[in-house]
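# Structure assessment
Residues per chain are reported as follows:
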Amino acid sequence: MDTEVLSRILEAKQKRQALAVVTRLEGGDQTTFAPSTAKNHPLAEHLVPRFKSGKSGVVDMDGAEYFIQLHIPSPRLVIIGAVHITQALAPMAAACNFDVMIVDPRTAFASPERFEGFNLHPEWPQDMMDTLALDPFTALVAVTHDPKIDDRPLQAALEAECFYVGALGSRKTHAKRADRLKMAGLDDGQIHRIAAPIGLNIGAANPPEIAVAIMAQMIAALRAA
């Protein structure tokens, strides 16, 4: 592999950015593409859907064969709130290969006994924004019902263009949340991206079922991103 191409791959991984390496099988010439530059390339009809699926493979264009190798950051899930829903959602997300982080300043909830083996932070989210490392390959779920805990990370997730942003609460609760986020500087388009009430409408009646609804909605957002 060309050293310049390898350098771009390593840089993309460090920055958690998606990258495609296109190799012409006859001759071995290699080119790299980010999602933004792939749209303007003759191979766009192959590159764009592969960025969405994350699958590498051989494609044909004008009689020439190309191998498209995708380098996609692993999806992350940041859960704000160490509640009962989180106890069901965290292992589901881990089983789906999400890197899970749980944040809740309430130490009675955010205890190692309740979340053994998970990346748990009993801290205020606004005090650890750099550690959250929100990006387009991260989902954020806020489930505390407490604006003092939920609002700041929700705002940060929308500003970072996280692929999924969800918040627990009724439509009335969300309307008040939307007003607060507008006052914080977000526009209607950004606020509209919040999945609220959170999760697919499957009639979920308990924390594990709510976790299933959230997980399904989050995966749908990931694959469509």
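Going by the structure above, here's the rest.
Below, the structure is looked at part by part. All residue numbers refer to position in the chain's written sequence, counted from 1. Reporting of local features is limited, given that this is a predicted model, to residues whose pLDDT is at least 70; pairs of side-chain atoms are given and counted only at 80 or more, and all residues count toward the totals for whole chains, interfaces and linings. Heavy atoms from the whole structure form the basis of all side-chain values; hydrogens and water molecules are not counted.

## A short note on the sheet that holds strand β4 (residues 64–71)
Going by this rule: Between any two strands, at least two bridges found by DSSP are needed for them to pair. Strands are runs of DSSP state E lasting at least two residues, helices are runs of H or I lasting at least four, and both sets are numbered from the N terminus onward. Each axis is a line fitted through C-alpha atoms, taken for helices only over the stretch in contact, and angles between the N-to-C directions span 0 to 180 degrees.
Read across the sheet, 4 strands follow the order β2-β1-β4-β3 without closing on themselves; strand pairing throughout is antiparallel. A single partner strand is all that each edge strand has here, and the edge strands are β2 (30–33) and β3 (57–61). The sheet shows a mean angle of 30° between the axes of neighbouring strands, taken without regard to direction.

## Comments concerning the sheet that holds strand β6 (residues 99–103)
Quick note on the threshold: We call two residues contacting when some pair of their heavy atoms lies within 4.5 Å.
Strands sit in the order β7-β6-β5-β8-β9-β10 across an open sheet of 6 strands; the sheet is parallel. Among the strands making up the open sheet, the edge pair consists of β7 (119–121) and β10 (194–195). Sheet topology places β6 next to β7; 3 bridges connect them, and they run parallel. For valine 103, the partnering residue across the bridge sits in β7 and is histidine 121. Most of the contacts of helix α9 (residues 207–224) go to strand β9 (residues 164–167), to which it runs at about 155°, and overall it touches β5 (76–80), β8 (138–142), β9 and β10.

## Points about the environment of threonine 23
For clarity, the threshold we go by: In protein, a polar contact requires one atom able to donate a hydrogen and another able to accept it; more generally it is a pair of N or O atoms within 3.5 Å, and residues adjacent in sequence count only if both atoms are side-chain atoms.
Relative to the helices and strands, threonine 23 resides in strand β1 (residues 19–24). Considering only alpha carbons, one finds threonine 23 and valine 58, 35 residues apart in sequence, at a separation of 9.3 Å. Polar contacts involving the side chain of threonine 23 include one to the side chain of glutamine 30, which spans 3.1 Å.

## Section: the pairing of β6
Note the cut-off: Relative accessibility decides the category of a residue: with a 1.4 Å probe and only protein chains considered, values under 20% of the type maximum give buried, values over 50% give exposed, and everything between is partly exposed.
Summarising burial for β6: 4 of the 5 residues are buried, a large majority. By the bridge criterion, 5 bridges tie β5 to β6 in an arrangement that is parallel. Looking at the pairing, isoleucine 79 lines up with isoleucine 102 of β6.

## Details of the nonpolar core
Short version of the rule: Nine residue types can take part in a nonpolar core, namely buried Ala, Val, Leu, Ile, Met, Phe, Trp, Tyr and Cys, and a core is a set of them joined through side-chain atoms within 4.5 Å.
Counting residues in each nonpolar core, the largest one holds 29 residues, and the members touching the most others are Leu77, Phe98 and Tyr164. Take this core: its biggest share by element is 6 residues, from α9. With near-sequence residues (within four places) excluded, tyrosine 164 lies in contact with Thr138, Ala139, Leu140, Val141, Arg193, Ala195, Ile198, Gly199, Ile214, Gln217, Met218 and Ala221. Counting 22 residues, the second largest nonpolar core, distinct from the first, contains Ala142, Ala157, Val165 and Leu181.

## A word on the environment of alanine 90
With respect to the secondary-structure elements, alanine 90 resides in helix α4 (residues 84–95). The class for alanine 90 is buried, based on a relative accessible area of 0%. Contact partners of alanine 90, with chain neighbours within four places excluded, come to Ile79, Val100, Ile102 and Phe118.

## Notes on the side chain of histidine 174
In this structure, histidine 174 sits in helix α7 (residues 171–183). Judged by its relative accessible area of 13%, histidine 174 is buried. A distance of 2.9 Å separates polar atoms of two side chains, one belonging to histidine 174 and the other to arginine 177. Filtering out sequence-adjacent residues up to four positions away, histidine 174 remains in contact with Ile191, Ile194 and Ala196.

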